[in-house]
Amino acid sequence: MPGMVAFGRRWGIASDDLVFPGSFELFVRVLWWIGTLALYTLHEGKFDCSGGRVLHSYLVVLLILLAFIILSLCAIVYVSAQGTITNPGPRRSIPVLVYVRAMLYVPELIWAILGAIWVSDDSQGCQPAEVGAVIAAVVASWILLLSTGVGVLFVFDPLGSTHPGPQSQELLGVRDPESSQGSQLLSTARSVAVRVWESRLRLLCCCLPRDESHRAAFSSIAQLVSGFFSDTDLVPSDIAAGLALLHQEQDKMEQCRDPDEALSHSPSSPIAEDLEAELEKAAHCMQFAVAAYGWPMYVYSNPLTGACKLSRDCCKTESAEYDIVGGDNMGCHFSSVLHSTGLQYRDFIYVSFHNQIYEIPFFVALDHKREAVLVAIRGTLSLRDLLTDLSADCENLPVEGVSGTCYAHKGMSQAASYICKKLLNDGILNQAFTIAPEYKLVITGHSLGGGTASLLAILLRSSFPTLRCYAFSPPGGLMSKALADYSKEFVVSVVLGKDLVPRLSYPNMEDLKRRILKMVSNCNKPKYRILLQGCWYELFGGEPDDFPTEMDNRRKAELNQPLLGEESLLIRSSSSYQGLASEESPVHDSHLPLYLPGRILHITEDGPSRRSCFSQVRYRVQWSSETAFRSVLISPRMMADHMPDAVLLSLRSLTQDKPFNLCPSSLSNSHLNVI
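Calculation criteria
- Residues numbered from 1 in each chain as written.
- Predicted model: local features only at pLDDT ≥ 70, side-chain atom pairs only at ≥ 80, totals over all residues.
- Heavy atoms only, no water.
- UniProt positions renumbered as here; feature names shortened; annotations may be inferred.
- Helix = DSSP H or I, 4+ residues; strand = E, 2+ residues; numbered from the N terminus.
- Buried < 20%, exposed > 50% of the residue type's maximum accessible area, 1.4 Å probe, protein only.
- Contact = heavy atoms within 4.5 Å.
- Areas by Shrake-Rupley, 256 points an atom, 1.4 Å probe, with all protein chains shown as cover.
- Patch = residues over 30% accessible without salt bridge, like charges linked within 9 Å, V, L, I, M, F, W, Y side chains within 5 Å.
- Salt bridge = Lys/Arg side-chain N within 4 Å of Asp/Glu carboxyl O.
- Axes fitted to C-alpha atoms, helices over the stretch in contact; angles between N-to-C directions.
- Parallel < 35°, antiparallel > 145°, perpendicular 65-115°, else oblique.
- Left-handed = near helix turned anticlockwise from the far one by under 90°.
- Nonpolar A, V, L, I, M, F, W, Y, C, P; charged D, E, K, R; others polar.
- pLDDT = per-residue confidence, 0-100.
- Expected span 1.5 Å × (residues − 1).
- Lys, Arg positive; Asp, Glu negative; His and termini not counted.
- Charge placed at Lys NZ, Arg CZ, Asp CG, Glu CD.
- Core = buried A, V, L, I, M, F, W, Y, C linked by side-chain atoms within 4.5 Å.
- Pairing = 2+ DSSP bridges.
- Polar contact = N/O pair within 3.5 Å; in protein donor to acceptor, adjacent residues only side chain to side chain.
- Phe/Tyr/Trp six-rings, centres within 6.5 Å; stacked < 30°, edge-to-face > 60°.
- Lys NZ or Arg CZ within 6 Å of the ring centre and 35° of its normal.

You'll find the protein entered in an unreviewed UniProt entry as Diacylglycerol lipase-beta, with Salvelinus namaycush given as the organism. Here the protein is described in UniProt, under the heading Cofactor (unreviewed entry), as follows: "Ca(2+)". The Sequence similarities (unreviewed entry) comment attached to the protein in UniProt states, word for word, "Belongs to the AB hydrolase superfamily. Lipase family."

Here you go:
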């Protein structure tokens, strides 16, 4: 931090990011130099083949060239390890060293070509060891050159040009971002960033159709992502170092917390007996939410027997009798749903595996055990689902009888509207309640499916006043406060541990960005040490490192100006950097706040947070409120706790009152069968 400037542009790598790649190349070059020196020493005076003189000259020049490369790498590694993330002053010579190292690629390329020519033309009669050494040197040179080229492509920043044109150069001199010139520069830079992100999304989703809905989604996501990163000069390694520091800081705070301190409770929390009843219902519904993922989740959860069971049924499923729409030519999805839920063919009213942006798979079935018409919605499993997830703009969702502003996550709101129209306009629910008029409507889903299920429940509430919804690991940035309060009457959200997704909202991500900036700004250790110690802590645990949290006055006075970016209007006076003054500093956020739906059951592991894979683990559960999910918690399990099989395992553990192993492979192959 900031990004390094070389060859007339800014790159997506900082001057302190060259320690690890430089050390690796240095190690390879030293071994290469030693091997070449050993070959030259052993065969000195014995190069008596037809191309011996050329070989002798080749090895001598190669040794000299490798020596210069090794010296340049030593200098790069040493200088890159100096200073801190926000103090690049001691690394001012890095661009010059990079230029020197780049110049050495030219003779290396020429020598690799000459070596290849010698092997093909003049190596007759030479010893196999000599020829093999030259071939190895040529191959190693080409591998390193190609690796360098690939690395350059990875760190290339399309927005990094330092010569944007006369007009922009003139605007770079503007010191007041609030002036008309500053606003014009910000607007121009952000529009360019949006176009770049749109191009990246189109490249990533090149296999998807280019219709209007996809173009609108690309534009919406590009504006969201480019706006989030536009006011910082962080490179990816800065973010990794900040997350490592923040994780240890959060663990230190957790260790200092009173272990008997209870989580905050919602004012509308039911009594303990009701909690146990809701937990039983949630555990039952979760198997349907998992089943909605189809055969991939079934095979993942049953690695030894899942594929064999499905292979017998995929081709013979009587899908012609059911309205199975799209995406299931072999019937494998439907067969896995049958295995996972324990239901019969006749229990399914409608099954759709149709998948487009804002249109996600779901099924409707009769749950005779709970006397319910159950609607299960699939979570994220495809690129189209991911685009639906990332369409995170707010969209109005007016609901009759709800006072206050009603809005929700755009992608999930449109997905809920799509399913609602299918259920009502196609007579699916009418058909179900004609068969079982005394049953109640229950809606469930996990992740994307959980968020969509909550919004679908709100849309159907007026027509089905007794409906219930169980949303597992729904996204935090889902609905307005008015809708969240309204949904407490009929929606129960289940969140496991430190799951990232229920804490994902734009305000939370802005808060995370501000905390990362604060951590990397206040730490006086070099980045490579932070990353090494962070990796050790993540893998092996131990006590959190005592990194400084504030800079003393002496170091503040010594802190040099950043190498680059000090003239950048995107950094100067940005809200992210203004928020570093104190923890209470308000950060301007133009995005509307969004909340988790309904009442929240929070499941946590009982006992120490770090265990081996095969340790026995017990869980505890209590009612919580949305305030407990207003910040992102950094943890090795922040993604593992989101997996549907992990949520199901924790619910089974709570309802059956027995511990489970943490390893997915150690689960019983039948754990997805009906309770």
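Visitor: Looking at this structure, how should I read the overall build of the protein?
Guide: Secondary structure summary: the protein contains 22 helices and 15 strands in total. The proportion of buried residues among the 675 residues of the protein is 51%. By sequence separation, contacts in the protein at least 24 residues apart represent 75% of the contacts at least 6 residues apart. Taken as a whole, the protein presents about 31,000 Å² of accessible surface, with 60% of it coming from carbon and sulfur.

Visitor: Looking at this structure, how should I read a nonpolar patch on the surface?
Guide: A contiguous nonpolar patch, built from Val106, Leu109, Ile110, Ile113, Leu114, Ile117 and Trp142 and spanning about 570 Å² of accessible area, is present on the exposed surface. Broken down by element, the nonpolar patch gets its largest block of residues, six residues, from helix H3 (residues 94-121). One can find Val106 in helix H3.

Visitor: Before we go on, may I ask you to explain the packing of helix H2 (residues 52-80) against H3 in this structure?
Guide: Geometry of a packed helix pair, given as the angle between the helix axes and the separation of the axes. Here H2 crosses H3 at 160 degrees, and the two axes come no closer than 10 Å. The pairing of H2 with H3 is recorded here as roughly antiparallel in orientation. Where H2 crosses over H3, the two elements pack in a sense that is left-handed. For the contact of H2 with H3, the class distribution of residues is 18 nonpolar, four polar and two charged.

Visitor: When you look at the confidence of the model for the protein in this model, what are you seeing that I'm missing?
Guide: Close reading of the predicted structure is inappropriate where its pLDDT is low. Summary statistics for the protein give a mean pLDDT of 81 and a share of 78% for residues scoring 70 or more. When the criterion is pLDDT under 50, residues 260-271 qualifies, and its contacts beyond four places in sequence or with other chains add up to 18 contacts. A low-confidence stretch, residues 549-573 stays under pLDDT 50, and its non-local contacts, those more than four residues away or across chains, total 58 contacts.

Visitor: I tried to follow helix H4 (residues 128-155) on my own but got confused; where do I start?
Guide: Counting along an α-helix, one turn takes 3.6 residues, and residues three or four places apart therefore face a common direction. Spanning 28 residues, H4 covers 40 Å between terminal C-alpha atoms, matching the ideal 40 Å at 1.5 Å per step. Turning to H4, its buried residues are Glu130, Val131, Val134, Ala137, Val138, Ser141, Leu144 and Leu145. Against helix H1 (19-43), H2 and H3 lie the buried residues of H4.

Visitor: Would you mind going over a positive patch on the surface with me for this structure?
Guide: Taken together, Lys281, Lys369, Arg370 and Lys440 make up a surface patch of like positive charges. The topology assignment puts Arg370 in the loop between strand E6 (362-367) and strand E7 (372-377).

Visitor: When you look at the nonpolar core in this model, what are you seeing that I'm missing?
Guide: The tendency in soluble globular proteins is for nonpolar side chains to be buried as a group. Counting 48 residues, the largest nonpolar core has Val375, Leu423, Leu441, Ile443, Leu456 and Leu460 as its most contacted members. The contact partners of Leu456, leaving out residues within four places of it in the chain, are Val375, Ile377, Ala416, Ile419, Cys420, Leu423 and Ile443. One finds Leu279, Leu343, Phe348 and Trp623 within the second-largest nonpolar core, a separate group that totals 43 residues.

Visitor: Whenever I open this one, the environment of Ala129 confuses me. Can you help?
Guide: In this fold, Ala129 is placed in helix H4. Here Ala129 falls in the partly exposed class, since its relative accessible area comes to 46%. Along the primary structure Ala129 and Leu39 are separated by 90 residues, whereas in three dimensions their C-alpha atoms are 8.4 Å apart.

Visitor: Is there a simple way to think about the sheet that holds strand E2 (residues 9-14) in this case?
Guide: Backbone hydrogen bonds are what pair the strands of a sheet, in a parallel or an antiparallel way. Strand order in the open sheet formed by three strands is E1-E2-E3, and the pairing between neighbours is antiparallel. Strands with a single pairing partner mark the edges of an open sheet, and in this sheet they are strand E1 (3-6) and strand E3 (156-161). Ignoring which end each strand starts from, the neighbouring axes of this sheet average 45 degrees apart.

Visitor: Whenever I open this one, the side chain of Ser493 confuses me. Can you help?
Guide: Within the fold, Ser493 resides in strand E12 (residues 491-496). Classification of Ser493 as buried rests on a relative accessible area of 0%. At a separation of 2.7 Å, a polar atom in the side chain of Ser493 contacts the main-chain carbonyl oxygen of Pro597. For Ser493, the contacting residues outside a window of four places in its chain are Ala471, Pro474, Pro597, Arg599, Ile600 and Leu601.

Visitor: Which parts of the structure should I look at to understand the UniProt feature "transmembrane region" (unreviewed entry) in the protein?
Guide: UniProt's entry tags residues 26-43, 55-78, 98-119 and 131-156 with the feature "transmembrane region" (unreviewed entry), counted in the numbering of this structure. Secondary structure over residues 98-119 splits into 100% helix and 0% strand, and the C-alpha atoms at its two ends are 31 Å apart. Structurally, residues 131-156 is divided into 96% helix and 4% strand, and its ends, taken at the C-alpha atoms, are 38 Å apart.

Visitor: I'm lost on the pattern of salt bridges in this one. Help?
Guide: Any two side chains of opposite charge can pair, given that their charged atoms come close. Scanning the model with the defined rule gives 25 salt bridges in all. Among the salt bridges present, the one from Lys527 reaches Asp238, with a minimum N-O distance of 2.7 Å. Linking Lys527 in helix H19 (residues 527-540) with Asp238 in helix H8 (residues 236-256), this pair joins segments that are 289 residues apart in sequence. For the pair Lys527 and Asp238, one class covers both residues: buried. Counted as one network, the salt bridges with shared partners bring together Asp16, Asp17, Arg91, Asp238 and Lys527.

Visitor: Teacher, can you tell me more about the packing of aromatic side chains here?
Guide: The description of two aromatic rings rests on the distance between their centres and on the angle between their planes. Tallied over the full model, the rule gives ten aromatic pairs. Looking at Arg101, its charged tip hangs above the ring of Tyr105, at a distance of 3.9 Å from the centre. Directly above the ring of Tyr595 sits Lys481, whose terminal nitrogen or CZ lies 5.4 Å from the centroid.

Visitor: Sorry, what's going on with unusual backbone geometry here?
Guide: Across the chain, the bulk of peptide bonds are trans and the bulk of non-glycine residues have phi less than zero. Not every positive phi belongs to a glycine, and Phe7 is a case in point at roughly 55 degrees. Checked against the element boundaries, Phe7 lands in the loop between E1 and E2. Phe7 gets classed as exposed once you look at its relative accessible area, which sits at 51%. The residue Tyr358 is not glycine, and still its phi comes out positive at about 70 degrees. Mapped onto the elements, Tyr358 comes out in the loop between strand E5 (348-352) and E6.

Visitor: Just checking my understanding: could you explain the environment of Arg461 for this structure?
Guide: When you line up the elements, Arg461 lands in the loop between helix H16 (448-460) and strand E11 (468-472). In this structure, the C-alpha to C-alpha distance between Arg461 and Glu400, residues 61 residues apart in sequence, is 9.8 Å. Excluding residues that lie within four positions of it along the chain, Arg461 makes contacts with Leu467, Tyr486, Glu489 and Phe490.

Visitor: Honestly, the packing of H2 against H4 in this entry has me stumped. Any pointers?
Guide: Viewed as axis vectors pointing N to C, H2 and H4 meet at an angle of 40 degrees, and their least axial separation amounts to 12 Å. Taken together, H2 and H4 sit at an angle that is classed as oblique. Handedness of the crossing formed by H2 with H4: left-handed. Within the contact between the two elements, H2 uses Leu55, Tyr58 and Leu62 and H4 uses Glu130, Val134, Ala137 and Val138. Among the residues forming the contact of H2 with H4, the class breakdown is six nonpolar, no polar and one charged.

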